[in-house]
Amino acid sequence: MTLGKEVGKDAGKDAGKDPGKDVGREVGRRRTFAIISHPDAGKTTLTEKLLLFAGAIHIAGSVKARKASRHATSDWMEIEKQRGISVASSVMQMEYGDCVINLLDTPGHQDFSEDTYRVLTAVDAALMVIDAANGVEAQTLRLLEVCRARNTPIITFVNKMDREVREPLDLIDEIERTLRMAVIPFTWPMGMGRGFRGVFDLRRDSMRVFRPGEDKLSDEDENIEGLDNPAISVRFPEIAAGARAEIELIRGASSEFDHAAFLAGLQTPVFFGSAINNFGVREVLDALVDLAPPPGSRRAFQRKVQPAEPGFSGVVFKIQANMNPAHRDRIAFVRVCSGRFERGMNLRIVRNGKDIRTNGVVSFLSQRRDLLDIAYPGDIIGIPNHGTLQLGDTLTEGERLQFTGLPFFAPEIFQTVEIGDPMRSKQLKLGLAQLGEEGAIQVFRPHSGGALLLGAIGTLQFEVVAHRLKHEYGVEARLVPAKYQLARWITSDNSRELKRFIDINAYRVAYDAVDAPTFLAAFGAELSVAEENWESIQFHKMREHAGLEFQTHLDA
Ligand code: G4P
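Residues numbered from 1 in each chain as written. Predicted model: local features only at pLDDT ≥ 70, side-chain atom pairs only at ≥ 80, totals over all residues. Heavy atoms only, no water.

### Concerning the pairing of strand β18 (residues 354-357)
A regular strand carries its side chains on alternate faces of the sheet. For clarity, the threshold we go by: What makes two strands pair is DSSP finding at least two bridges between them. Strands are runs of DSSP state E lasting at least two residues, helices are runs of H or I lasting at least four, and both sets are numbered from the N terminus onward.
When strand β17 (residues 346-349) meets β18, the two strands line up antiparallel, connected through 4 bridges. In the strand pairing of β18, R348 is matched with D355. The hairpin formed by β17 and β18 contains 4 residues between the paired strands, and G353 there has a positive phi angle of roughly 75 degrees.

### Here we look at helix α15 (residues 460-473)
Selection criterion: Each helix should span, by expectation, one fewer than its residue count multiplied by 1.5 Å. Only protein chains enter the area calculation, which uses a 1.4 Å probe; residues under 20% of their type maximum are buried, those over 50% are exposed, and those in between are partly exposed.
Helix length check: α15, at 14 residues, gives a terminal C-alpha distance of 19 Å against a target of 20 Å (1.5 Å per residue), a fit within 8%. Summarising burial for α15: 10 of the 14 residues are buried, a large majority. Every buried residue of α15 is accounted for by L460, Q461, F462, V464, V465, H467, R468, L469, E472 and Y473. Looking one or two residues past α15, G474 carries a phi angle of roughly 65 degrees, positive in sign.

### Points about the side chain of R31
Definition in use: Charge assignment in this entry is limited to Lys and Arg as positive and Asp and Glu as negative, and neither His nor the chain termini are counted. Each salt bridge in this description consists of a side-chain nitrogen of Lys or Arg and a carboxyl oxygen of Asp or Glu lying within 4 Å of one another. In protein, a polar contact means a hydrogen-donor-capable atom and an acceptor-capable atom, both N or O and within 3.5 Å, with residues adjacent in sequence counting only if both atoms are side-chain atoms; elsewhere, any N or O pair within 3.5 Å suffices. For this analysis, residues touch if any pair of their heavy atoms sits within 4.5 Å.
Its place among the elements puts R31 in strand β1 (residues 30-37). Buried within the structure, R31 lacks any salt-bridge partner; D290 is the closest side chain of opposite charge, at an N-O distance of 6.6 Å. Among the polar contacts made by the side chain of R31, one reaches the main-chain carbonyl oxygen of L288 at a distance of 3.5 Å. When sequence neighbours within four positions are dropped, the list of residues in contact with R31 reads C99, V100, I101, N102, L288, V289, A292, P293 and P294.

### Structural notes on the packing of aromatic side chains
We describe a pair of aromatic rings using the distance from one ring centre to the other and the angle between the two ring planes. Just so we agree on the cut-off: Only the six-membered ring of Trp is used, alongside the rings of Phe and Tyr, when aromatic pairs are assigned; centres must lie within 6.5 Å, and planes under 30 degrees apart are stacked while those over 60 apart are edge-to-face, with the rest tilted. Note on criteria: charge over ring means Lys NZ or Arg CZ within 6 Å of the ring centre, with the direction from the centre no more than 35 degrees off the ring normal.
For the coordinates displayed, the defined rule picks out 15 aromatic pairs. Residues F257 and F262 carry aromatic rings whose centres are separated by 5.9 Å and whose planes lie at 50 degrees to one another, so their mutual orientation is tilted. In this structure F262 comes out as buried when scored by relative accessible area, which is 0%. With centroids separated by 5.8 Å and ring planes inclined at 80 degrees, the aromatic side chains of F519 and F539 adopt a geometry described as edge-to-face. Note that F519 is positioned in strand β29 (residues 517-521) and F539 in strand β30 (residues 538-540), a separation of 20 residues in sequence. Look at F519 and you get buried, because its relative accessible area is 0%. An aromatic cluster is present here, built from F186, F257, F262 and F271 joined pairwise through their rings. One Lys or Arg, R203, reaches over the ring of F186 and ends 3.8 Å from the middle of that ring. Between the NZ or CZ atom of K318 and the centre of the ring of F333, over which it lies, the distance is 5.3 Å.

### Quick word on the confidence of the model for the protein chain
Close inspection of predicted coordinates is inappropriate in any region flagged by low pLDDT. Here is the rule: The predictor rates its confidence in each residue with pLDDT, a number between 0 and 100.
Looking at the protein chain as a whole, the pLDDT averages 82, with 82% of positions reaching at least 70. In this model residues 68-88 is a low-confidence stretch, pLDDT under 50, and it forms 40 contacts with partners more than four residues away in sequence or in other chains. Residue range residues 546-556 is modelled with pLDDT below 50. Its contacts to residues more than four positions away, or to other chains, number 11 contacts.

### Describing the nonpolar core
Stated precisely, the cut-off is as follows: The definition of a nonpolar core used throughout is a set of buried Ala, Val, Leu, Ile, Met, Phe, Trp, Tyr and Cys residues joined through side-chain atoms within 4.5 Å.
Counting 87 residues, the largest nonpolar core has I383 and L395 as the members making the most contacts within it. Residues contacting L395, with those up to four places away along its chain left out, are F312, S313, G314, V334, L347, R348, I349, I356, I383 and L389. Listed in part, the 33 residues of the second largest apolar core include L51, F53, V281 and L285.

### As for the layout of surface pockets
Counted only if it meets this: Grid points spaced at 1 Å over the protein atoms alone were grouped into cavities, where a 1.4 Å probe fits but cannot get out, and pockets, open sets with protein on both sides within 12 Å along at least five of seven lines, with lining residues defined by an atom within 4 Å of a point. Grid points are joined across faces, edges and corners, and a volume is the space filled by probe spheres set on the points. Gly is placed with the polar residues, together with every amino acid not listed as nonpolar (Ala, Val, Leu, Ile, Met, Phe, Trp, Tyr, Cys and Pro) or charged (Asp, Glu, Lys and Arg). The source of the domain bounds is an automatic or database domain assignment.
Of the voids in this model, the largest pocket is the one considered here, and its volume is about 570 Å³. Taken together, the elements giving at least two residues each to the lining of the largest pocket come down to β12 (298-299) and β14 (313-321). Tallied by class, the residues present in the lining of the largest pocket amount to 10 nonpolar, 7 polar and 6 charged. Composition of the lining of the largest pocket by domain shows at least three residues from each of domain 1 (4-20 + 35-86 + 109-118 + 126-291) and domain 2 (298-396).

### Examining the packing of helix α14 (residues 425-438) against α15
Convention followed: Axes, fitted as lines to C-alpha atoms, cover a helix only where it is in contact. Angles between the N-to-C directions of the axes lie from 0 to 180 degrees. By the definition adopted for this analysis, an angle is roughly parallel if under 35 degrees, roughly antiparallel if over 145, roughly perpendicular if from 65 to 115, and oblique otherwise. Should the near helix be turned anticlockwise from the far one by less than a right angle, the crossing is left-handed, and should it be turned clockwise, the crossing is right-handed.
Contact geometry of α14 with α15 gives a least axis separation of 10 Å together with a crossing angle of 125 degrees. Judged by the inter-axis angle, α14 sits oblique to α15. Handedness of the α14/α15 crossing: right-handed. Contacts between α14 and α15 pair Q427, L428, L430, G431, L432, Q434, L435 and E438 from the former with V465, R468, L469 and Y473 from the latter.

Below you can see the structure in the form of structure tokens.
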């Protein structure tokens, strides 16, 4: 198997000779993607199998172990307590063919989490897993909206063809309608459930015969060349005629695959298979390598940053409490955006001009916390810190750059925090500040004083916060539903108008973790009225880290 460390080391050997060229070559072979799906569609199973096919066999077991008891909230919390595992398996690196593949896990809870959105900002492509029995489900749709907003290319895997599922034609029709994307089947199933006989590769004009079992890799697969091959009718008389007719139909009806349209998120190649049976998995890996894009340029406020630039830059897209609560250390997940990272180098946090050393940087390969030596654009590095790094921070070798695009979403559910023991209020404040910085929850300080308000998009976020306050900060907090239902960040070109708005609406304004003023409303109508009456104020549903305020600070 290939360790990320070794990949990095090999790449590093030549680096001294011609660093610029080396970065370009390494960028070209990086593929960084996330798997998205509705819970139970088979994300964990497919992740395991991708790792298996890429040769990273021992990781596969740990993915499964992690998933083992994740079905209910309480189980999730138990497993989440073992943060080490969860940190380590949230990014996996493997080598397949000539490529280095970085696979980012998206949280698999039923409930929506902002964290997932932010993880999607760090990838160049997404792999969507659909349960063939259920079609496109709510969570998938939400995640897809994020991908669409960012034009992230999507490869689709329709899983569980070994079960009695929905008609494939219905499924692709649904994908096209709900996701508003042209579906281009690369393979087509022949039969399903107990009658599942394989998939037909529309490009190679070849049938791959299905054989159930977890113990095989697809090198052992049997192929029958040609749709007209009599062997298909002889071997599989029960499905041959029907499958042929359907494949002819699909061939006639589906558009040509257009790589540019795929890269723009307008077309999605679709593969059918059964992850649990290791079937159809290799095609997906091949598609990732062949079709998914290498890291591209990224927008910063100041300029566009090209990945092959020699200077290092990276952005913090996720912060997670580490396995050792006693030390309160956290890991900042940094996506390398340009240049070459070498362990030990000094990096500047552009927000405040502070430098950090990176001796203790970790890679995320499985449960191993190998020290990472070298990383290139598309790779993810983990920097342990005690709160120095914040979500959205840009790290460089000194250049004043601030990447854009890390979203914070307006919360939809609000609760106030009360504590039984006033002696613990300092711990509560500390806990909430840290959890707020991690992005686990949004914390608002009302303009007119009073109890802190917590805002989230899914209710699970509140449970997690209460649990963590208790176990990590020793605070028994009571979370009580608040009257608010929506929030909008407010800005204005006219600072006097903004101040006037805040004064007049004092009881409905609060400040978030970076002191951005926010308008709170109990009903949608309140917001509409405010928007009508205050043309000089802009109401935002989404905020980017250190947006305009930062720009001002930087220009000052
Ligand atoms: P998730 O991460 O998306 O939540 O899904 P996961 O991989 O855990 O899969 C959900 C369930 O679907 C699991 O069953 C898994 O075994 C099953 N599954 C995954 N791929 C396939 C497939 O290709 N065919 C069939 N028939 N089933 C599949 P479980 O009973 O919930 O868990 P387990 O006891 O099997 O681990």
